[in-house]
Amino acid sequence: PVSDPPAVSGPTPNLPPTPRQPIVPPALAARRGWLPLSATGVPLFLAEHPSWDGRGILIGILDSGIDPGVAGLQTTSTGLPKLIDLRDFSGEGRIALTEVIPEGDSLRVAGRILHGFSRVKGIAAAGPFYAGILSERALGDTAAADLNDNGSDADSLVVLLAKASDGWVLFADTDGDHSLGNERPIRDYLVARESFGWHRTGEPPPTTLAVNLSQSAGPPLLDLYFDNSAHGTHVAGIAAGHDIGGITGFNGVAPGAQLLGLKISRNDFGGITTTGSLLVAMEYAIRLARVRGLPLVLNLSFGIGNEREGAARIDQLIDSVLTANPEVIFVTSGGNDGPGLSTMGFPGSARRAITVGATDPWVLSEAALRGGAPAADRIAYFSARGGELAKPDLVAPGTAFSTVPSWNTGDEFKSGTSMASPHVAGLAALLLSAAAAEHRAVTAADMRRALSGSAQPLAGGGPIDQGAGLPSLQYAWPILRGPGPPAEFDVNVVGTGGITAAFRIAPAAADSSVRFRISRRGAGGPVDLTLNSSAPWLRAPASRRLTGPVDTINLVQRPPVGPGTWTAEVRATAAGISGPLFTLISTVVVPEATRATPVRFVEKLPVGAASRLVFAVDSGRPFRVRSATTTRLQRIVAALFQPGGAPHLGQSSLPGGPDTLAAVFQVDGRDARSGYYESVAVSGDGGATASISIDHAPVALSVRADRQDTLAATMTSLLDSTMVGRFRVGHAGAQRSFAVRGVGGADVKLGLPLPVWVHRIVVDLELDPSQWPRFTDFGLTLLGGNRRIIGKEPANYSRTRLSESLPPRAAEEELLLVLAPGFAEPGSQEPWRGQITVRLYAAAPVALPSSPGEEFRLPANSTREFRVPVGPSPWPLPPGFWPLGLFVEESAGMSWTWELPLNIGTVP
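Report follows, based on the coordinates. (Residues numbered from 1 in each chain as written. Predicted model: local features only at pLDDT ≥ 70, side-chain atom pairs only at ≥ 80, totals over all residues. Heavy atoms only, no water.)

**Comments concerning the side chain of Arg809**
Here's step 1: Within the secondary structure, Arg809 is located in the loop between strand 47 (799-805) and strand 48 (813-823).
Here's step 2: Engagement of the side chain of Arg809 in a polar contact is seen with the backbone oxygen of Val758, the distance being 2.5 Å.
Here's step 3: Those residues within four positions of Arg809 in sequence are excluded, and the remaining contacts are Leu754, Pro755, Val756, Trp757 and Val758. (Helix = DSSP H or I, 4+ residues; strand = E, 2+ residues; numbered from the N terminus. Polar contact = N/O pair within 3.5 Å; in protein donor to acceptor, adjacent residues only side chain to side chain. Contact = heavy atoms within 4.5 Å.)

Structure follows, in structure tokens:
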């Protein structure tokens, strides 16, 4: 027998326990209503119909996982198991297995010894036996990755598979005593609902894991299911938690519903979906629900940015699945890229999805916590908005106290449209439960009509901000029981390739017309419509008869004179049918400035209202946006959006106040792109008077190589008067660009040298925009020399920036940059291409010794050329990197910058 001393990778377990305490006691959260169910009438509905609490309904949670050990996710209100199955489709938990041979009562695996093997043989005497290693460091952030709770994420944990009489089972040394003698076998979760977790002696595991086993030609395929994000566990509690935190009656929306955990994302690289995971998980859930005879609601709290609205492949696939399964209710979050226009992500743009935006619940506001008078909920500033899409459909509370894994204790409050979506999924489960009790068949179209028809709009926003508004169970149930429409209708703007709302930026207010295509799903006779516009500037015919499978309706836009954003909707109703059959949404934006000129704007905003300012920017010309309040106690949130709706690269939203507390976006010439940008300021509690000022660099700058060691910098005045300024040039660091290509969902890895002088690294990823609609995700991750994750940024758009400050180093290291694409199609082998630009920054720029720093005079519309001897870089540059120059022009109390490579001479 093996007699070597046991080997342990990483620090020994059983450090002194660190108590984990919730951020507030669950009992207090329950009393205060911090899982805000009253907003949609849940308590009143369940008080009148206590048995319509979601029982008999299955909610599938397409997310990061669900921790099966959490109080509140153990049983339903009727005592049934809360979790029917937990299944990993992301591949994050896949464990490579190799056959192992025991030596007596011991087993050697990867340099460590496990005793007590007789326990395994007592269950599976014949073998074969397989072992695998779970590396903590590969799981992402330290708190979640430290599975054995010993204060380190450097451990490698052994799992063993053996075949018992009733199938494969897993063993693990969960208590760290180097023996399997006291361990229990764990079966596939669907078979036995068993789970396990590594832990310190006498302490519960920080993460509870489930086992997924499937057959293959050789050893079985093993996936360990876990939630190393806490996102999915939190979402699950909102949808259907029961006795959260062990507090009787502290429930999610549908405590009687059962849950299906469908892990589609890997958190190690930023919570990104993997190729095909979403579609395969949906199909698995539909099959399982059908076998169990349970109505199914699917919740997807996930999304990425739309760059070509109406073109996303995942939207088409989801709509196809839902068309084939009209009884499946699919609820998804709209995204958190608001409050800019046209920021609705996909797959929230899928036609058959119920897409949910977020509200800020008053009960969780600062005013409520101070004991202020009750007020209405408001639209959350971060909630994505429509524009080119007639989305979201609804809004729901976007902040809640809910369930989290043990390792995430203390972070029970989370915010986002991710939290609003499961609230609506829970509402759908309640209504399905009610329909089942009355033996009513319900389709997804019925559910959308009932929820939307019951909704009430919130003050401070229109249909592109909130859809129909906040739903109410009190009114949704009568609509669901009432007569349905004669058909379902799809809406498109003619000639736009799938755009569902009219949206245009008009340099000047002018009359225009827009034509909507109305397509009927299913057969039916003529439908007589009444058309009502919400604003006099959007004109529609008073009535219209639809006779065929496809009809068109023309609207006339006559927006008010002057800059602003104007949104209105035309509601199409029919006699005897509750709510609109469809809506036609139109938005016209008249920019504040159609040229890159200074703008000064002041607007008084009520609580939660948004001030939008659309203005023109020149390519390569730096600009600054300053948003402030006019009094000391007022606060705003300011945000900046690029042409097309994508948030500003880097930090896209900032808190703002008066004077020195103003929110300032200083955009370098490198990032400025030609087109219309949008600045938005959203008021906080008490309202605010927002002051927005926009300034552009007074000069244009072009740089060219003049000689082997000299640059010629040409400055062109853009003012109508003589300006006095100062021009300086310095070294900021180093830069290099890479062309990257890949095939399908395989990771692409790049090694990046990291000199000791580097204090910050910025990585820009720019993908082919035409291919973006084919993805469901794209991860951008930096690994250190020890392969610990030091930075990650999931791409929400085809242009993404990852920026990380770095600790001091004694020697040069090599970073590993990992690009992790996720395509919509399962098994996709599509090629993709893009460009990576890496910038390495020193602690501070170094001025060039002969940098021209004297003041200069530049007459109106004239040019001046500066010759800049570059000289060698003050720091040793990695192979292939150019020196990175910082060009600064100062005038009228402002500074304008251009970060440009000093690419003179020969490429190093």
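Read on for the rest.
**Description of unusual backbone geometry**
Here's step 1: With an omega of 0 degrees, the peptide bond between Gly127 and Pro128 qualifies as cis.
Here's step 2: The residue Pro128 is located in the loop between helix 3 (118-121) and strand 7 (129-135) in this model.
Here's step 3: Cis geometry is adopted by the peptide bond preceding Pro339, which originates at Gly338 and carries an omega value of 5 degrees.
Here's step 4: Look at Ala110: it is not a glycine, yet its phi comes out positive at around 50 degrees.
Here's step 5: Structurally, Ala110 can be placed in the loop between strand 5 (107-109) and strand 6 (112-114).
Here's step 6: Note on Ala110: relative accessible area 54%, which makes it exposed.
Here's step 7: Positive phi is not limited to glycine here, since Asp659 has a value of about 50 degrees.
Here's step 8: Topologically, Asp659 is positioned in the loop between strand 36 (653-656) and strand 37 (663-667).
Here's step 9: Residue Asp659 is classed as exposed on the basis of its relative accessible area, which comes to 60%. (Buried < 20%, exposed > 50% of the residue type's maximum accessible area, 1.4 Å probe, protein only.)

**Considering the sheet that holds strand 24 (residues 502-505)**
Here's step 1: Spatially, 24-31-30-26-28 is the arrangement adopted by the five strands of the open sheet, whose pairing is mixed. The strands lining the two open edges of the sheet, one partner per strand, are strand 24 and strand 28 (543-546). In this sheet, adjacent strand axes meet at a mean angle of 20 degrees when their direction is disregarded.
Here's step 2: The pairing of strand 24 with strand 31 (residues 582-590) spans four bridges and is classified as parallel. If you follow Phe503 over to strand 31, its bridge partner there is Thr587. (Pairing = 2+ DSSP bridges. Axes fitted to C-alpha atoms, helices over the stretch in contact; angles between N-to-C directions.)

**Quick look at the nonpolar core**
Here's step 1: Counting residues in hydrophobic clusters, the biggest one holds 67 residues, and the most contacted among them are Ile59, Val297, Ile329, Met447 and Leu451.
Here's step 2: Examining the composition of this core, we find that 12 residues originate from one element, helix 10 (residues 417-437), more than from any other.
Here's step 3: Setting aside chain neighbours within four positions, we find Met447 in contact with Ile329, Ile354, Ala428, Leu431, Leu432, Val442 and Leu480.
Here's step 4: Ile84, Leu278, Leu279 and Tyr284 belong to the second largest nonpolar core, which has 66 residues in total. (Core = buried A, V, L, I, M, F, W, Y, C linked by side-chain atoms within 4.5 Å.)

**Section: helix 7 (residues 277-292)**
Here's step 1: The terminal C-alpha atoms of helix 7, which comprises 16 residues, lie 22 Å apart, in line with the 22 Å expected from a rise of 1.5 Å per residue.
Here's step 2: Buried within helix 7 we find Ser277, Leu278, Leu279, Ala281, Met282, Tyr284, Ala285, Ile286, Leu288 and Ala289.
Here's step 3: After helix 7 finishes, the residue Gly293 shows a positive phi value of roughly 70 degrees. (Expected span 1.5 Å × (residues − 1).)

**A look at the side chain of Glu569**
Here's step 1: Here Glu569 lies in strand 30 (residues 564-573).
Here's step 2: Despite being buried, Glu569 has no salt bridge partner; Arg571 is the closest side chain of opposite charge, sitting 4.3 Å away.
Here's step 3: Every residue in contact with Glu569, bar those within four places of it in the chain, is listed here: Pro463, Asn532, Ser533, Ser534, Leu538, Thr583, Leu584 and Ile585. (Lys, Arg positive; Asp, Glu negative; His and termini not counted. Salt bridge = Lys/Arg side-chain N within 4 Å of Asp/Glu carboxyl O.)

**Topic: the environment of Gly345**
Here's step 1: Looking at the secondary structure, you find Gly345 in the loop between strand 17 (329-333) and strand 18 (354-360).
Here's step 2: Residues in contact with Gly345, not counting those within four places in the same chain, are Ile304, Gly305, Asn306 and Gly334.

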